[in-house]
Amino acid sequence: MDRGMAATSGTRYDHEHAGPLATPRGAAPAGRVPLTPHPDRLLPSEPSQRCIARRLYDSVRDLPLISPHGHVEARLLADDDAFTDPASLLVTPDHYVTRLLHAHGVPLADLGLRDSADDTDPAQPRDVWRTFCEHWHLFLGTASRGWLEAELHDVLGVTVQPSADTADELFDELTVRLRKPEFRPRALYDSFAIAALATTDDPTDDLSYHRALAEDPSWSGRVVPTFRPDRCLDATGSGWTTALDDLAAASGIDTGDYDGLIRALENRREHFRAHGATATDHSAPDARMAFLDAVQAQRLFDAVRSGTASADDARLLSQQLLGEMARMSSEDGMVMALHTGSRRNHHPDTLRRFGPDTGHDIPLQAEFTRALQPMLERFGTNPRFQTVLFTLDETVFSRELAPLAGFYPSVYLGAPWWFLDAPRAMYRFRDAVTETAGFYRNAGFIDDTRGFCSIPARHDTARRVDAAHLAGLVAEHVLSEDDAALVIHDLHDRQPRKAFRL
Amino acid sequence: MDRGMAATSGTRYDHEHAGPLATPRGAAPAGRVPLTPHPDRLLPSEPSQRCIARRLYDSVRDLPLISPHGHVEARLLADDDAFTDPASLLVTPDHYVTRLLHAHGVPLADLGLRDSADDTDPAQPRDVWRTFCEHWHLFLGTASRGWLEAELHDVLGVTVQPSADTADELFDELTVRLRKPEFRPRALYDSFAIAALATTDDPTDDLSYHRALAEDPSWSGRVVPTFRPDRCLDATGSGWTTALDDLAAASGIDTGDYDGLIRALENRREHFRAHGATATDHSAPDARMAFLDAVQAQRLFDAVRSGTASADDARLLSQQLLGEMARMSSEDGMVMALHTGSRRNHHPDTLRRFGPDTGHDIPLQAEFTRALQPMLERFGTNPRFQTVLFTLDETVFSRELAPLAGFYPSVYLGAPWWFLDAPRAMYRFRDAVTETAGFYRNAGFIDDTRGFCSIPARHDTARRVDAAHLAGLVAEHVLSEDDAALVIHDLHDRQPRKAFRL
Amino acid sequence: MDRGMAATSGTRYDHEHAGPLATPRGAAPAGRVPLTPHPDRLLPSEPSQRCIARRLYDSVRDLPLISPHGHVEARLLADDDAFTDPASLLVTPDHYVTRLLHAHGVPLADLGLRDSADDTDPAQPRDVWRTFCEHWHLFLGTASRGWLEAELHDVLGVTVQPSADTADELFDELTVRLRKPEFRPRALYDSFAIAALATTDDPTDDLSYHRALAEDPSWSGRVVPTFRPDRCLDATGSGWTTALDDLAAASGIDTGDYDGLIRALENRREHFRAHGATATDHSAPDARMAFLDAVQAQRLFDAVRSGTASADDARLLSQQLLGEMARMSSEDGMVMALHTGSRRNHHPDTLRRFGPDTGHDIPLQAEFTRALQPMLERFGTNPRFQTVLFTLDETVFSRELAPLAGFYPSVYLGAPWWFLDAPRAMYRFRDAVTETAGFYRNAGFIDDTRGFCSIPARHDTARRVDAAHLAGLVAEHVLSEDDAALVIHDLHDRQPRKAFRL
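This structure is a prediction, so every number in the text was calculated from the model and none was measured. Residue indices begin from 1 for each chain and proceed along its sequence in written order. Here the convention is simple: chains get letters from A, ligands get numbers from 1, in the order in which they are written. Where local features are concerned, this predicted model is filtered to residues with pLDDT of at least 70; where side-chain atom pairs are given and counted, the filter is 80 or more; whole-chain, interface and lining totals use all residues. Excluding hydrogens and water, the side-chain values take into account all heavy atoms of the structure.

Participant: Help me understand the pairing of strand S8 (residues 387-390) of chain A in this model?
Facilitator: Put simply, side chains in a regular strand alternate between the two faces of the sheet. All names here are of chain A. Categorising residues by exposure relies on relative accessible area from a 1.4 Å probe, with only protein chains included: less than 20% of the type maximum marks a residue as buried, more than 50% marks it as exposed, and the intermediate range marks it as partly exposed. Helix and strand assignments come from DSSP, with helices taken as H or I runs of at least 4 residues and strands as E runs of at least 2, each series counted from the N terminus. Here S8 shows no split at all, with Thr-387 and Leu-389 on one side and Val-388 and Phe-390 on the other all buried. Here, strands pair whenever DSSP counts at least two bridges between them. Pairing of strand S5 (residues 335-340) with S8 involves four bridges; the strand directions are parallel. Across the sheet, residue Met-336 finds its bridge partner in S8, namely Thr-387. Sheet analysis places S8 next to strand S9 (residues 411-413), joined by three bridges and oriented parallel. Directly across from Leu-389, in S9, lies its bridge partner Leu-413. Remark: the S8/helix H17 (residues 395-405)/S9 crossover connection has right-handed handedness. A right-handed crossover is one whose linking path, passing over the helix from the first strand to the second, runs clockwise when the strands point away from the viewer.

As structure tokens, this is what we get:
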């Protein structure tokens, strides 16, 4: 019955004999397919635009990388230990990768995650890598596929596509290569031309790894901590009292009352600044902040601490504490990065067995106009205060974020984040905000990555997308190529330095 | 005063003498204009993309059609009666068409709909057809225009555009043609190369037409029912008690208490499965489901049944019953298709006079992340359970649906639906979901049509759009043409079979 | 470390020596750069599309301008006084311009706005102009940049880009030129080929300037008032009672009770119609309207008037009064233009010091489906009633506005408004609504401008974007170029006349 032809083979494509539940054989080509990322990837195909885009991309391709927000740990560079194998490097720790494999029925334990409800060990790296390679086609069209191709080819020198047939040879080849000196973290840091790397750290962290790097004469890089106090601000969870005890221990300040908690937080911010921190980072359900007076705050604190408060009171206290962070930023000048709108740990059984950050945080509708008004009324025009706003909800790009950043000197547009840090989503972001806010209210790109080797791939993607976007504007005579060349340079150099005060 | 020129005529365009309320004469060209849908329609105009898109489109153009959700009735094929005339076939039953004519001031009765508040007969088919042809230009740029051009030209062999001048000859020509054997429903079913067609049926339907087809040796097609229990689940409306009585009669199970209702629904699902059903279909105001215990459910049922319940209680019971559908699907394996977010019958006077499905169901904001959490907590990773999610609100494509389908093995992305089943909206859908969920979490295309002759036109549109979208990715070197060829084949063959278990 | 090259100079771009807080030197090129807007700006770069777009654009480029909604005052044309200088003409009154400069740290007083909290005079025009020119690069990519380039070049004959180096010569050159007769308002009105211009006026306005123009034998233009009763309808603010007193004085009708207020509003609408008004214009937080009976309305009115009402009651009364406007339109046939969804005066300190309309009105989420249902149930199919809907929230284009306009004969799609009246946003609007509502439910373009000289620039932008959008559809064979030529003509001539009954 099937009269269809595979576009490129010319041979009859026989789908009748494949069961509906079989892995789509079509998309998983057998044998060896070369891995050759195209030099013009992500650039427009229309010839006049492509020529412009190439020139713009070439002008920033080799700029040093500025990474003001991410999840690489200072310890990685302080210890400079070799990576062990490709699965532990590229698969198991990357919830972008594990979540999509899980969606296709692969148990997380088969990807190397430990199941706390199961005593047996998770799969071994070689088996994890095989599973990943067998499902490589499932990533077609995703942001992860682009990053992984670039990591494998540009960073790790792989020249064949992962597949069932190439899994073992790739595993062996990469395991050997990763042990070489030039693939150690510090060597990669240099070869990536990283100018500044910000880590994300708990207020109780003594930052010893940051200090060790700073004091190491053999190390010339720049790794700064970021103050991420979510644990201490989220008064709705069971972990809050523990967090306050840890904070007291770290600061030497009693956190048994509201004023003590505030002083302890201020103390740790100072500790972070002393180690080079220029920013704080906050995850919250939404952007609302409260500004209660001292008496109300103390009463709320006591109620929550004693466990007699309602869920609403606990939420209000969390909003009050986030408001205090804004107030502190307006005094100490630390840039306030705000990530909101994610429903964390959507699937309780997966949380129970595999822990948080395992791929089931799902975005929610965002609202900033009303939520941020009380804070911006207080600090929006304060020259010491600066905030960078991130969202998982595209609808606020043109409706709320660009208008806010187009009036308040303190508000910077954060790069498209998380599910939106992908080429087409970045393009939609530029399309949505530029006409209202221009280019100079942007905080530039952040990679937000846990995967050290994905840093250059992610920045390269962002530079290609900006080159493509600007080339379209140049080709349609909205701005000149000279202006575009200077804009793209600023987007990947001056804007992130300025927005994060690096 | 007008110094404008019509682009192509070169003659002065005289608008001074046309009253502001006149039909835009400009857009309704007089005389005979040929109807010649272009073979490359909907493919990108940029030459490198067009060549790729053509090859991709050609590779799936003739694939058999899989239609897992629509509103064609089994009786049409069981009886195989000839269609009578073009107005009754293409205009009167298509609320996409009648609604837009209504928006331009054409009374629905003039389009053949019976006005229950008016004893006089609605317009005759020939007059309906004239009205439609006179307003043909109003459909320029709409999805309906594309489908109608394809139906008229490719299916019905029309070679001239509808217009005031051609209305009568087209009516006569088509009325004669529709009586020919090759234009009977079964002959068209074969010529459309339909591989599987799912109808949408009430739980009380005895499915006799499906049985008749199955038992007819002269019939080789595949027509399966779909279990659509909205009437029995919506406890907020006056029709609910009647629906329960009908359900009791059909199942032979007393629906006077909650347990009886549940058993009766399970009984009918089994009846549908026995006749080949693989899926259930649900329309609801939103995606919330409740999971009360038996005692609470019985109490709620009694209150609503006795008319003593509040509107909130009735809504909660409806959510509870939808939750039972998810539970049943997790046991019997019927795929749960969920369509939410439409405000039905927005204009009460039109409902009163012309009934439902007359073009004034208007979309609402959608929310899935919170709404589906309780259900997905229970069944999201259950291998028996599968759901396909549809929305009328584009904003959830990237924000909620792709992230959910990118983690939960049970969640499939439904095709852009209803107002969004149009070329550009389909393109935006691919753009929004692919980077997060890839291609293999898609349920493929559904035509959702009441118009039998529009089935090939709608699938052809979807194949063209997918070819165009993939061609863009290939031309920008995001994936190879080989991979794209296999992806588009799977999108129109394996994915719908897999998602709907056909 | 920087291995980047500026795309077009080939010289090393030295960013190491520029402090992170310096004005992005890159984007502010020193010296003299010619100002030469390209004739093909905003048209697609793909050659086949560009040729079509050029022809379509040429066919409407010189059509007379119809401006059914804007903020130019009748007095400007009645007095016909010369403009004084470029800063007072282009910078100080344009909150699109001042807001973005403010976002980059420029105090509003430095842009010529008077600070009521500061006795010293605001900056002088020459200094304002210098500040503007020094920050010219900040507008790259914004809608304002495009309009300003067109105003400077096409209207004012400027041939060099504003910059620190050219500020003074441009100020002098323009100050002289603006004094010439051909740059007086009436002369510009003629050279702009304006066919009709609607102003926006308070109900208490005696419309003497409109009358003066109508009675002036030397004046052949058409300037009509628009009835904008926001002050009298917003019962939530302190200004309401004053507004009612003013209304009583203007109408000679006691507004001390609800019925009097209604009769006074009807009286003023009649006054406006007698002076050529065809439409009313309304700004509201959202689109909800109430339809209480006379007794409830009177009770509510008394409570609010006496200051004993709750905030909710005041809001309900405002919704009731907006509902009365819809009712009046259904009787007197004035078109009801509705702009909703802006959080006015987001920054209280700026409001206190510089007043309203100073760049900090921020959009909110919009909802129309539920909000408009009670009104459309009453008047949606009433042939006397017509409404044009505007939004700041793009998400309702495809979800709510196109479906509503695609059924209700009274509902017209307003052009993308305010932050959305920019090329790419207009393009997204066409993309979102056309497939559902076609082209003939559009109200055409409105410029909504306070800047008289920006009127031709804004209409030209809209014509270019429509030409680009239609060229894409023609190149992809969705419609013929003949049809496209007639559509674009109707969009810029017949549709606004029809939608606003001009």
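From this point, things continue past the structure.
Participant: Help me out: how do you make sense of the relation of the copies chain A and chain C in this one?
Facilitator: Both copies of the chain are tied together by a single rotation about an axis and a shift running along it. What sets the superposition is a least-squares fit of C-alpha atoms, and only residues with pLDDT of at least 70 in both copies go into it. Laying chain A over chain C is done by rotating through 120 degrees and shifting 0.0 Å along the axis; what remains is an RMSD of 0.0 Å. Look at the turn and shift together and you get a three-fold axis relating the two. Minimal C-alpha separation from the rotation axis in chain A is found for Glu-46 of chain A, amounting to 3.7 Å. In what follows, residue pairs with any heavy atoms lying within 4.5 Å of each other are defined as contacts. Mapped onto chain C, only 5% of the interface residues of chain A are again interface residues, and the two copies thus contact each other with different surfaces.

Participant: Please explain the confidence of the model for chain A as it appears in this structure.
Facilitator: Keep in mind that low pLDDT regions are not for reading the predicted coordinates in detail. Confidence scores here are pLDDT values: one per residue, from the predictor, ranging 0 to 100. On average, residues of chain A score 94 in pLDDT, and 94% of them are at 70 or above. For this predicted complex, the interface score ipTM comes out at 0.94, while the overall pTM is 0.95.

Participant: Got a minute to help me understand unusual backbone geometry in this structure?
Facilitator: A positive phi is found at Ala-193 of chain A, a non-glycine position, where the angle reads about 55 degrees. Among the structural elements, Ala-193 of chain A can be located in the loop between helix H8 (185-191) and strand S2 (194-198). Unusually for a residue other than glycine, Asp-357 of chain B sits at a positive phi of about 55 degrees. In this fold, Asp-357 of chain B is placed in the loop between helix H15 (348-354) and strand S7 (362-363). According to the relative accessible area criterion, Asp-357 of chain B is partly exposed, its value standing at 37%.

Participant: Looking at this structure, I do not really get the interface of chain A and chain C. What am I missing?
Facilitator: A common way to report how large an interface is uses the accessible area buried once the components associate. On the side of chain C, 65 residues touch chain A, which itself brings 61 residues to the contact. Buried surface at the junction of chain A and chain C, summed over both partners, amounts to about 5,300 Å²; 58% is from carbon and sulfur atoms. When a carboxyl oxygen of Asp or Glu is within 4 Å of a side-chain nitrogen of Lys or Arg, the pair counts as a salt bridge. Between chain A and chain C we count four salt bridges in total. With its nearest N and O atoms 2.6 Å apart, the salt bridge here joins Arg-424 of chain C to Asp-431 of chain A. Polar contacts, as used here, are pairs of N or O atoms within 3.5 Å; protein pairs need one atom able to donate a hydrogen and one able to accept it. Residues neighboring in sequence count only if both atoms are side-chain atoms. One can count 21 residue pairs in polar contact (both at pLDDT 80 or more) joining chain A with chain C. Sorting the residues of the side of chain A that touches chain C by element identifies helix H1 (47-60), S2, helix H16 (373-379), H17, helix H18 (423-437), helix H20 (481-491) and helix H21 (494-499) of chain A as the ones contributing at least two each. Looking at which element gives the most residues to the side of chain A that touches chain C, the answer is H20 of chain A, with eight residues. Buried area: the accessible area, evaluated with a 1.4 Å probe, that two parts lose upon being put together, summed over both parts.

Participant: What exactly am I supposed to notice about the pairing of S2 of chain A here?
Facilitator: All names here are of chain A. In terms of burial, S2 is largely enclosed, as four of its five residues are buried. Inspection of the sheet shows S2 paired to strand S3 (residues 223-224) by two bridges, in the parallel sense. Paired with Ala-198 across the bridge in S3 is Val-224.

Participant: Where do I start with the interface of chain B and chain C in this structure?
Facilitator: On the side of chain C, 61 residues touch chain B, which itself brings 66 residues to the contact. When residues of chain B are sorted by the area they lose upon contact with chain C, Leu-140, His-346 and His-347 of chain B head the list and together hold 11% of the total. A salt bridge links Arg-399 of chain C to Asp-393 of chain B, with the nearest nitrogen and oxygen atoms 3.2 Å apart. Summed over the shared surface of chain B and chain C, the number is 20 residue pairs in polar contact (both at pLDDT 80 or more).

Participant: Looking at this model, I keep getting lost on the nonpolar core. Mind explaining?
Facilitator: The criterion is simple. A nonpolar core is a set of buried Ala, Val, Leu, Ile, Met, Phe, Trp, Tyr and Cys residues joined through side-chain atoms within 4.5 Å. Counting 73 residues, the largest nonpolar core has Trp-129, Phe-132, Leu-152, Leu-156 and Phe-452 of chain A together with Leu-56 and Phe-439 of chain B as its most contacted members. Broken down by element, this core gets its largest block of residues, six residues, from helix H19 (residues 454-475) of chain B. The residues contacting Trp-129 of chain A, other than those within four sequence positions of it, are Pro-86, Ala-87, Leu-90, Val-91, Leu-152, Ala-167, Leu-170, Phe-171 and Leu-174 of chain A.

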